[in-house]
Amino acid sequence: MLLVLDIDGVMTNGTKVYDNDHNVLSKSYNDKDFTAIKIFKKIGVDVCFLSSDTAINRGMALERDIDFFYSRNPDGTISKAKFIPSLIERYDTSPEHIVYIGDDLFDLDIMLELPFANRVCPSDAPKYLQDKCGCVLTRSGGTGVVAEFLELFAKTNNIDVCGVMMDASGTLR
């Protein structure tokens, strides 16, 4: 499986702090989501970010060893669906094995290329997007969306998350 994550509105609550020159100064991420990403990777799920904003996001991906794909075109438009062939090739997968978590209109094009069940959004996504998703989570963006999805995934697939992260002595790895 490949888990593709939008960042702003999923990993963060979508709020950005700007300086007077309109540069993004900060965003708030939820560390529980980064723990969930580590666990997903540990159980063999590939994870990548797909974002139209490089401010902070690209560096965060690099720091956390998460692949980052930039979806803004040179003319300023955004296309995430165009990445499906590249994702399929890079991760040796198919659309049936790609799960996408997004929260906004700019996530809709890629979502519509994936099976309904593989489209996931946080609870604060607009209704028009929720209606297109097979899974609407209970958490809102920036409050542990990926962590909640991991809980659902682990339960559905009978995975002991603690067992995955601890060695025989009980030490986290």
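Treat the numbers as computed from the prediction; the structure is a model and nothing was measured.

Visitor: For this particular structure, what's the right way to read the overall build of the protein?
Guide: Secondary structure summary: the protein contains 7 helices and 8 strands in total. Across its three principal directions, the C-alpha atoms of the protein cover 50 × 35 × 30 Å. Looking at the protein as a whole, 47% of its 173 residues are labelled buried. A separation threshold of at least 6 residues defines the contact pool for the protein, and within that pool the share at least 24 residues apart is 47%. Accessible area of the protein: about 8,900 Å², with a carbon and sulfur share of 51%.

Visitor: What is the right way to look at the nonpolar core in this model?
Guide: Side chains of a nonpolar character, in soluble globular proteins, are inclined to be buried together. Counting residues in hydrophobic clusters, the biggest one holds 31 residues, and the most contacted among them are L3, L5, M11, I37, F40, F49 and V146. When residues of this core are traced back to their parent elements, those giving at least two are β1 (2-5), α1 (31-42), β4 (46-51), α2 (57-63), β6 (98-101), α6 (145-156) and α7 (161-165). Considering each element in turn, this core owes the most residues, 6 residues, to α6. Residues in contact with F49, not counting those within four places in the same chain, are L5, I7, M11, F34, I37, A61, I66, D67, F68 and F69.

Visitor: Got a minute to help me understand unusual backbone geometry in this structure?
Guide: Note on backbone geometry: most residues besides glycine have negative phi, and most peptide bonds are trans. Non-glycine residue H22 carries a positive phi angle of around 70 degrees. Located in the positive-phi region is D65, a residue other than glycine, with phi close to 55 degrees. For D65, the location among the structural elements is in the loop between α2 and β5 (67-70). For D65, a relative accessible area of 61% puts it in the exposed group.

Visitor: Could you clarify how one ought to interpret the packing of aromatic side chains in this entry?
Guide: Describing an aromatic ring pair means giving the distance of the ring centres and the angle of the ring planes. Here the structure, examined in full by the defined rule, presents 5 aromatic pairs. A ring pair is formed by F149 and F153, whose centres lie 6.5 Å apart and whose planes are at 35 degrees; its orientation type is tilted. Taken together, the residues span about one helical turn, with F149 and F153 both in helix α6 at a distance of 4 residues. When the ring centre of F34 is taken as origin, the NZ or CZ atom of R64, which lies over that ring, is 4.0 Å away.

Reading the values: the criteria
- Residues numbered from 1 in each chain as written.
- Predicted model: local features only at pLDDT ≥ 70, side-chain atom pairs only at ≥ 80, totals over all residues.
- Heavy atoms only, no water.
- Helix = DSSP H or I, 4+ residues; strand = E, 2+ residues; numbered from the N terminus.
- Buried < 20%, exposed > 50% of the residue type's maximum accessible area, 1.4 Å probe, protein only.
- Contact = heavy atoms within 4.5 Å.
- Areas by Shrake-Rupley, 256 points an atom, 1.4 Å probe, with all protein chains shown as cover.
- Core = buried A, V, L, I, M, F, W, Y, C linked by side-chain atoms within 4.5 Å.
- Phe/Tyr/Trp six-rings, centres within 6.5 Å; stacked < 30°, edge-to-face > 60°.
- Lys NZ or Arg CZ within 6 Å of the ring centre and 35° of its normal.

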